[in-house]
Amino acid sequence: MSETAQVLFAQILIGITTGLILALVASGLTLIFGIMDVVNFAHGELFMLGAYMGWVFFALTGNYWIGLMAAPLFVFFFGVAMHFSTLRPLVGRDPLTTILATFGVSLVLQTVALWVWGPKFRKIDEPITGAVSVFHLQMPYYRLMIAFFSVAIIGVLWLFIQRGRFGLWIRAVTQDRMMATAMGIPVPFVHTVVFGIGSAMAAISGYLYAPVLGVDPHMGLNNILRAFIIVVVGGMGNLWGSVMAAIMIGVLEAVAATWVSAAQAIIFSFAVLIVTLLFRPTGLFAPTPR
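First things first, this report covers the structure right here in the doc. None of these values were measured; they are calculated from a predicted model.

At their nearest, the axes of helix α2 (residues 43–61) and helix α8 (residues 187–213) sit 7 Å apart, and the two run at 60° to each other. With respect to their mutual orientation, α2 and α8 come out oblique. Once α2 is placed against α8, the crossing between them reads as right-handed. Across the interface between the two elements, His 43, Leu 46, Phe 47, Gly 50, Ala 51, Gly 54, Trp 55 and Phe 58 of α2 pack against Gly 198, Ser 199, Ala 202, Ala 203, Ser 205, Gly 206, Tyr 207, Tyr 209, Ala 210 and Leu 213 of α8. Tallied by class, residues from the contact of α2 with α8 come to eleven nonpolar, seven polar and no charged.

The first and last C-alpha atoms of helix α5 (residues 141–163) sit 32 Å apart over 23 residues, in line with the 33 Å expected at 1.5 Å per residue. Buried residues of α5: Tyr 142, Arg 143, Met 145, Ile 146, Ala 147, Ser 150, Ile 153, Ile 154, Gly 155, Leu 157 and Ile 161, and no others.

Under the defined criterion, the tally for this structure stands at twelve aromatic pairs. On the basis of an interplanar angle of 90° and a centroid distance of 6.1 Å, the ring pair of Phe 166 and Phe 189 is categorised as edge-to-face. On the criterion of sequence distance, the pair formed by Phe 166 in helix α6 (residues 165–175) and Phe 189 in helix α8 is long-range, its members being 23 residues apart. Here Phe 189 falls in the partly exposed class, since its relative accessible area comes to 45%. Each member of the aromatic cluster is reached from another via a ring pair, and the members are Tyr 64, Trp 65, Tyr 142, Phe 148, Phe 149 and Tyr 207.

So, about the nonpolar core. Counting 77 residues, the largest nonpolar core has Tyr 64, Ile 124 and Leu 208 as its most contacted members. The leading source of residues in this core is α8, at 14 residues. The residues touching Ile 124, leaving out its near neighbours within four places in the chain, are Ala 51, Gly 54, Trp 55, Phe 58, Tyr 64, Tyr 207, Ala 210, Pro 211 and Val 215.

As a further point, take the side chain of Arg 143. Note on placement: Arg 143 falls in helix α5. Nearest to the buried, unbridged Arg 143 among oppositely charged side chains is Glu 126, at 7.8 Å. In contact with Arg 143, not counting residues within four places along its chain, are Thr 17, Thr 18, Ile 21, Tyr 209 and Val 212.

This part takes up the layout of surface pockets. Estimates place the volume of the largest pocket at around 430 Å³. Elements supplying a minimum of two residues to the lining of the largest pocket: α1 (3–36), α8, α9 (220–234), α10 (239–256) and α11 (262–279). Its residues placed into classes, the lining of the largest pocket shows eleven nonpolar, six polar and three charged.

For α9, with 15 residues, the first-to-last C-alpha span of 20 Å sits near the 21 Å given by 1.5 Å per residue. Across the 15 residues that make up α9, a large majority, eleven, are buried. Looking at α9, one finds that the buried residues are Gly 220, Asn 223, Ile 224, Arg 226, Ala 227, Ile 229, Ile 230, Val 231, Val 232, Val 233 and Gly 234. The first or second residue beyond α9 is Gly 235, which carries a positive phi of 110°.

Turning next to empty space enclosed by the protein. In total, this model carries one cavity of 30 Å³ or more according to the counting rule given. Its volume calculated, the largest cavity comes out at about 50 Å³. Taken together, Leu 29, Phe 33, Val 38, Val 39, Asn 40, Phe 228, Val 231, Val 232 and Met 236 form the lining of the largest cavity. Broken down by secondary-structure element, the contributors of at least two residues to the lining of the largest cavity are α1 and α9. Considered class by class, the residues forming the lining of the largest cavity number eight nonpolar, one polar and no charged.

What counts, and where the lines are drawn
- Residues numbered from 1 in each chain as written.
- Predicted model: local features only at pLDDT ≥ 70, side-chain atom pairs only at ≥ 80, totals over all residues.
- Heavy atoms only, no water.
- Axes fitted to C-alpha atoms, helices over the stretch in contact; angles between N-to-C directions.
- Helix = DSSP H or I, 4+ residues; strand = E, 2+ residues; numbered from the N terminus.
- Parallel < 35°, antiparallel > 145°, perpendicular 65-115°, else oblique.
- Left-handed = near helix turned anticlockwise from the far one by under 90°.
- Contact = heavy atoms within 4.5 Å.
- Nonpolar A, V, L, I, M, F, W, Y, C, P; charged D, E, K, R; others polar.
- Expected span 1.5 Å × (residues − 1).
- Buried < 20%, exposed > 50% of the residue type's maximum accessible area, 1.4 Å probe, protein only.
- Phe/Tyr/Trp six-rings, centres within 6.5 Å; stacked < 30°, edge-to-face > 60°.
- Core = buried A, V, L, I, M, F, W, Y, C linked by side-chain atoms within 4.5 Å.
- Lys, Arg positive; Asp, Glu negative; His and termini not counted.
- Salt bridge = Lys/Arg side-chain N within 4 Å of Asp/Glu carboxyl O.
- 1 Å grid on protein atoms, 1.4 Å probe; cavity = no way out; pocket = protein on both sides within 12 Å on 5 of 7 lines; lining within 4 Å.
- Points joined across faces, edges and corners; volume = space filled by probe spheres on them.

On their own, these measurements won't tell you what the molecule is for.
Now the structure itself:
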């Protein structure tokens, strides 16, 4: 195999692992929009909050796995409280009010994080070290681990929605809220729990990604930008469409990074977003309407 082909293969592998990580970030955003029709502009700050809370438990115990369990649990209840206090009172109003409300929460969370923990980076040690050689590239075992975790968590979420009783409620609310209410399903309760689950998804992705990125008050900004691109390209509310879009975006940026800088490679993601909005605004991977 030629050197160029080796480099390309290695970059594609990096792109797939990065895409699976981004899919986990986007999955919570997709879940919330698909069921509640709420564009959550605070999702990036919930990502950041999960990383910080995981760091707090990691600093207290020195155990990575305790932080992995505690961070999403804490942010789940924070998301429940946020929905109950901020979003539920806005039900039935102009959708712009929920956008402004979640944007306001994002600003508050950024400010509180800066006030409590300061601007400096916090470090979470990787639970596993070492790397596997892929041609000229050293692929860290930890990146492979979080890619595997991403697939597993998204798969569990899909099974929960498709097979569980509460998942049946979620699907009923998604299809017809009025009919679900008439059948005795507590729609406000379902919305609150779904928002909590989406928040927990953001938190666990933030904590898993923290050893790679470092923890700081603005860490959610770049990742949430990609998450919004993935959700639009994959199809709003389409979970597996978001996974496919995340892998495509990850591979595209990784391959582009062989010719331009990593910071410039995101331009290609914006190009895909623009093309999608122009020619298939429902999403590249959304089911074709009959």
